Amino acid sequence: MQLKVSPDNILEWIALQANLVPVPLLHAQIFPVVSKAVLEATDRGIFKAVADGHNTAEAVAQACNLHPVATQQIMGVLTSVGYFEFKEGHYTLTRITEKWILEESTSSLHGFMLFNNRIVWQWLEGLGDYLETGKGIDFHSSFGPEQWELYQSAMWSGAISEAEEFARRVPMPKGAIRMLDIGGSHGLHSAAACRKYPKLSSTILDLPGAVEKAAPLLAKQGMGERVVHRVGNITTDELEKDTYDIVLMSSVAHHLTAEQNRIVAAKVHQALRPGGIFIINEFIRPDPSAKPELVGSSTDLFFGLTSASGNWSVDEIHSWYRSAGLTPYKIIGYRAIPGRYQVVGKKG
């Protein structure tokens, strides 16, 4: 997937083709303004205000306790990139906003937007230091209750569009009954898998702060005792031997070093029953010999800045599997999320 500048008319097309448009200026000036406008509008309730019937900039400003001129300016930006329709001085929501932004939508990214606005935006200030040192931010160790709550809500939002596809396409071993979900906090992947496979139950292993704030999110799944939390840390805890048919580790590998991931793979190998599978579910580092695409490249940089490593390649993940005695089995790309894959290893 790529993000491109699209012309509105033939003259703009000619200017783009002739390299007359200062595209770097768009990246440096326009794109950051758009990003922050989307985040602030979500956080300040601007989208909700329009959904509630406040369809002029003045009405939105009053409803959200904002300055009317500034509100009109930010709504102009949001209209230009497709979040509002504007006609005769009135704003209405577009389909994109209704599906992905409004908190009540089943596909809502609302929690993700709040986390990025209140937490992640500050992290980006450290990109220059990261480029000099190569050392990312160990944010898990610094989180308090408020940060954990925002983080869990963000992870929930980010997984909504993925969990059902995961459950549909996971190569579930025949007769599987026990699943371990490493770092699965909110439980969306586990719950989706258990709904599809009625005999399956899942244990979610996660850090204390994550479990505390994710418990209400898991309760929303209505899975009762079939999906439960267990407080722990995969880097230090041992796992029961020959216990699980499937182990999932989603969006965790980029928080670990290569050596830690090798150790985890060895633990998982011992914990799996014969024929069981281990899935590392991640954005994958683009092939260095191929043209970089936006999602894989940007997540690689972002996770490098904010985690222990950045994205990993399929070859690197396969090397962990082989060192643990697992056989690389399948690579399953998500149709709705470019650059993201289930990398599957199997125990003989």
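Up top is the structure these notes are about.
Below is a short write-up of the structure. Positions within a chain are numbered from 1, following the residues in the order the chain's sequence is written. Residues qualify for local features only when their pLDDT is at least 70, as the model is predicted, and side-chain atom pairs are given and counted only at 80 or more; totals for whole chains, interfaces and linings, by contrast, use all residues. Working from all heavy atoms in the structure, the side-chain values ignore hydrogens and water.

**Examining the overall build of the protein chain**
Inference 1: Secondary structure is summarised from DSSP: a helix means a run of H or I of at least four residues, a strand means a run of E of at least two, and numbering begins at the N terminus for each. In terms of regular secondary structure, the protein chain is built from 14 helices and 9 strands.
Inference 2: The globule rule used for comparison is 2.2 Å times the number of residues to the exponent 0.38, while the radius of gyration itself is calculated over C-alpha atoms. Against the globule reference of 20 Å for 348 residues, the protein chain gives a C-alpha radius of gyration of 22 Å, in line with a compact fold.
Inference 3: With the C-alpha coordinates of the protein chain rotated into their principal frame, the extents come out at 65 × 45 × 35 Å.
Inference 4: Three exposure classes are used, based on accessible area relative to the maximum for each residue type with a 1.4 Å probe and protein chains only: buried under 20%, partly exposed in between, and exposed over 50%. Counting the 348 residues in the protein chain, one finds 46% classified as buried.
Inference 5: It only takes one pair of heavy atoms within 4.5 Å for two residues to be counted as in contact. When contacts within the protein chain are restricted to residue pairs at least 6 apart in sequence, long-range pairs at least 24 apart make up 69% of them.
Inference 6: Each accessible area is a Shrake-Rupley result for a 1.4 Å probe, and residues are judged covered by the shown protein chains and nothing else. Looking at the protein chain as shown, the accessible area adds up to about 17,700 Å², and 55% of this sits on carbon and sulfur atoms.
Inference 7: Counted as positive: Lys and Arg. Counted as negative: Asp and Glu, with His and the chain ends omitted from the count. Each charge is placed at NZ for Lys, CZ for Arg, CG for Asp and CD for Glu. Across the protein chain, 32 positive and 36 negative side-chain charges occur, with their mean positions spaced 10 Å apart.

**Focus: the sheet that holds strand β8 (residues 327–333)**
Inference 1: Taken together, the 7 strands give an open sheet; going across it, the order is β5-β4-β3-β6-β7-β9-β8, and neighbouring strands pair in mixed fashion. A strand with exactly one partner marks an edge of an open sheet, and here the two such strands are β5 (227–231) and β8. With direction set aside, neighbouring strand axes in the sheet form an average angle of 20 degrees. DSSP calls a pair of strands paired once it identifies at least 2 bridges connecting them. To get an axis, fit a line to the C-alpha atoms, keeping to the stretch in contact for a helix; angles then go from 0 to 180 degrees between the N-to-C directions.

**A word on the environment of A28**
Inference 1: Summarising the element assignment, A28 is placed in helix α2 (residues 23–43).
Inference 2: Residue A28 is classed as exposed on the basis of its relative accessible area of 59%.
Inference 3: Expressed as a C-alpha distance, the spacing of A28 and K174, which sit 146 residues apart in the sequence, is 52 Å.

**Quick look at the pattern of salt bridges**
Inference 1: Here, a salt bridge means any side-chain nitrogen of Lys or Arg that lies within 4 Å of a carboxyl oxygen of Asp or Glu. For the coordinates displayed, the defined rule picks out 13 salt bridges.
Inference 2: Across the pair K36 and E40 runs a salt bridge whose closest N-O atoms are separated by 3.3 Å. Taken together, the residues span about one helical turn, with K36 and E40 both in helix α2 at a distance of 4 residues.
Inference 3: You can call K36 partly exposed: its relative accessible area is 24%.
Inference 4: A salt bridge links R285 to D300; the shortest N-O distance between them is 3.6 Å. Highlighted residues: R285 in the loop between β7 (272–283) and α13 (294–306) and D300 in helix α13, separated in sequence by 15 residues.

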